[in-house]
Amino acid sequence: MSEPFAFPSTTTNFALPLLFSGQSQKEFFVNEALSLIDATLARTVTASQSAPPPAPAEGEIFRVTSGTAEWTDESDKLAAWIGGSWHFISPTNGALIFDQGAGVFLQFLNGWVSPNTLSSPQGGSVIDVEARNAIDEIIQNLRSFGLIDTEA
């Protein structure tokens, strides 16, 4: 007969709490896991900032930039306000979120990276108006989808 399979106490990717045999108050762990899933499922954050807002709304999620105040030592994590306290989620490489405050997508690659700023072509000895117009349209489309920085 094989040994029973042993689960860790949390899930691998999002550190969601798992239930275990004989555990009391299982509803607390299930509710915490569901709240964390709900907070991260949309893959959006309200804003990127270093300190918590004074009055966060339930389920609001932020990207921690440099971790000050209550967020000390939480840099690069996602902070979700759930049940009256902050819950921190460590991102995995490849995670993609949309920062509503900045209006841009961010990707986690050993740290959060944002798209580069693109500028319209200028100068040169030969000016091709049609090519420049096409490049400007591409840049505008990328900006409108939040794929590149909105500042030019």
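See the structure above.
In this text, all values refer to a predicted model and were calculated from it rather than measured experimentally. (Residues numbered from 1 in each chain as written. Predicted model: local features only at pLDDT ≥ 70, side-chain atom pairs only at ≥ 80, totals over all residues. Heavy atoms only, no water.)

A. How the structure looks around the sheet that holds strand β8 (residues 112–113). Ordered in space as β1-β6-β7-β8, the four strands form an open sheet in which the pairing is mixed. One side of each edge strand has no neighbouring strand; the edge strands of this open sheet are β1 (44–45) and β8. Inspection of the sheet shows strand β6 (residues 96–99) paired to strand β7 (residues 104–108) by four bridges, in the antiparallel sense. Within the sheet, the bridge partner assigned to D99 lies in β7 and is V104. (Pairing = 2+ DSSP bridges. Helix = DSSP H or I, 4+ residues; strand = E, 2+ residues; numbered from the N terminus.)

B. Expanded view of the environment of A51. Along the polypeptide, A51 turns up in the loop between β2 (48–49) and β3 (61–64). Separated by 25 residues in sequence, A51 and K26 have C-alpha atoms that sit 32 Å apart. Apart from residues lying up to four places away in sequence, A51 is in contact with T68, A69 and W71. (Contact = heavy atoms within 4.5 Å.)

C. View of the pairing of β7. Here β7 shows one buried face, formed by V104, L106 and F108, and one open face, formed by F105 and Q107. The hairpin turn running from β6 into β7, its antiparallel successor, is four residues long, and G103 in that turn takes a positive phi close to 70°. Sheet topology note: the β7/β8 ladder contains two bridges and is antiparallel. Considered in β8, the bridge of F108 is made with W112. The turn linking β7 back onto β8 is made up of three residues, and N110 within it adopts a positive phi angle of 60°. (Buried < 20%, exposed > 50% of the residue type's maximum accessible area, 1.4 Å probe, protein only.)

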